[in-house]
Amino acid sequence: MSRNFTEENATQEVLARYDDCPDPRLKEVSQAIVKHLHALIREIEPTTQEWMQAIEFLTRTGQKCDDVRQEFILLSDVLGVSTLVDAINNRKPPEATESTVLGPFHMVESPPLPNGADVAQHGTGEPLVVTGQVVSVDGTPLVGAKVDIWQANEEGFYDVQKPGELPDLNLRGLFTTEDDGRYWFRSITPSYYPIPTDGPVGEFVTASGRHPNRPAHIHFIGMAEGHEPVVTHLFVEGDPWIESDVVFGVKETLVRDFDLMDDPAKAAEYGVSNPFRHVHNVITLAPV
Ligand code: BEZ
Ligand code: FE
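Residues numbered from 1 in each chain as written. Chains lettered and ligands numbered in written order. Predicted model: local features only at pLDDT ≥ 70, side-chain atom pairs only at ≥ 80, totals over all residues. Heavy atoms only, no water.

1. Some details on the sheet that holds strand 2 (residues 146-151)
(1) Moving on: What the 5 strands build is an open sheet, ordered 3-2-7-8-9; its pairing is mixed. Edge positions in the open sheet fall to strand 3 (172-176) and strand 9 (255-256), since each of these has one partner strand only.
(2) Moving on: Taken together, the 6 bridges between strand 7 (residues 217-223) and strand 8 (residues 230-236) define a ladder with antiparallel strand orientation. Considered in strand 8, the bridge of H217 is made with F235. (Pairing = 2+ DSSP bridges. Helix = DSSP H or I, 4+ residues; strand = E, 2+ residues; numbered from the N terminus.)

Right under this line is the structure:
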């Protein structure tokens, strides 16, 4: 305790105020926040006006949030914090499929569909066939596993971003693996897209000289009994933003060639027009 709070003793004085916190985790977190926040302030020495600007930015970030918009998660995303939290919480054996951010567009439940279903209801885009398998880390196929997918269309829009224009549940599906743990579906090749730029986080990204784009991807959640679920993506090799994803979600193991196929017989077999693209995605789950 002190009645003389100075620039020199400020950090020690504030830290000491949390010494008697009855909840050990709250104490640890509070003291770490104080320690790092004070170090930040000592490093950047903001003017009073700059500090008010920071408070105003956080205020506007909160005000932008509603039922379908979470601007604070977006802030965590563009600072790489979401990816770091995800990595820390998903340490898995090296054979297991790597996880990445969930993102904000899994806001509706994907419709259960039979294997081979076409998830693209909007009628445009380059045909894509996705084949795959769900296996355990020792290679055992997992029959009856669930594969939940959602993606943007060829213009980079999710169904929920264009209600009334894009069909409900467009480019979403929940598949169940069959013999050999296999699943497959028809879709269209997704495009890259920008994160929402009409809020304070978008302004911050632009003011920082960064672009707002995520490279083209399909979201996957793989789930099977007795196994840890994985929330992940499949990224399209060759995408212009693959090296600089605005939310730092890319991992080398998740980038795949979406092969261009010119094979009328195969196209007929899959029930798509020729030419089409094909990607194979094995999801490897770690046992609980
Ligand atoms: C997404 O992939 O859907 C996403 C992830 C983080 C921020 C914005 C979008
Ligand atoms: Fe996405």
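2. Observations regarding helix 2 (residues 24-44)
(1) Moving on: In this model, helix 2 (21 residues) spans 30 Å end to end at C-alpha, consistent with the 30 Å of a helix rising 1.5 Å per residue.
(2) Moving on: All of the buried residues in helix 2 are S30, Q31 and V34. All buried residues of helix 2 project into a common sector of 95 degrees when viewed along the axis, lining one side. Exposed and facing more than 90 degrees away from the buried side of helix 2 are R25, H36 and E43.
(3) Moving on: The opening residue of helix 2, the one whose side-chain oxygen lies 3.0 Å from the backbone nitrogen of R25, is D23.
(4) Moving on: Residue E45 follows helix 2 closely and has a positive phi angle near 40 degrees. (Expected span 1.5 Å × (residues − 1). Buried < 20%, exposed > 50% of the residue type's maximum accessible area, 1.4 Å probe, protein only. Arc of directions from axis to C-beta. Polar contact = N/O pair within 3.5 Å; in protein donor to acceptor, adjacent residues only side chain to side chain.)

3. Overview of the site of ligand 1
(1) Moving on: Around ligand 1, a shell composed of L74, D77, G103, P104, F105, Y158, Y193, I195, R214, H217, H219 and V247 is seen.
(2) Moving on: One of the side-chain N or O atoms of R214 is found 2.5 Å from an oxygen atom in ligand 1.
(3) Moving on: Contacts to ligand 1 include H217, whose side-chain N or O atom sits 3.1 Å from an oxygen atom.
(4) Moving on: Its free accessible area being 260 Å², ligand 1 has 100% of it covered by the protein chains.
(5) Moving on: Tallied by class, residues from the shell around ligand 1 come to 7 nonpolar, 3 polar and 2 charged. (Near = heavy atom within 4 Å. Areas by Shrake-Rupley, 256 points an atom, 1.4 Å probe, with all protein chains shown as cover. Nonpolar A, V, L, I, M, F, W, Y, C, P; charged D, E, K, R; others polar.)

4. Re the packing of aromatic side chains
(1) Moving on: By the definition in use, this model includes 9 aromatic pairs.
(2) Moving on: Note on F105 and Y193: the rings are 6.3 Å apart at their centroids and 75 degrees apart in plane angle, and the pair reads as edge-to-face. With a gap of 88 residues between them, F105 in the loop between helix 5 (81-89) and strand 1 (127-136) and Y193 in strand 5 (residues 193-194) connect regions that are remote in the sequence.
(3) Moving on: Here Y193 falls in the buried class, since its relative accessible area comes to 4%.
(4) Moving on: Both rings, one in Y192 and one in W241, keep their centres 5.9 Å apart while their planes meet at 75 degrees; by these two values the pair is edge-to-face. (Phe/Tyr/Trp six-rings, centres within 6.5 Å; stacked < 30°, edge-to-face > 60°.)

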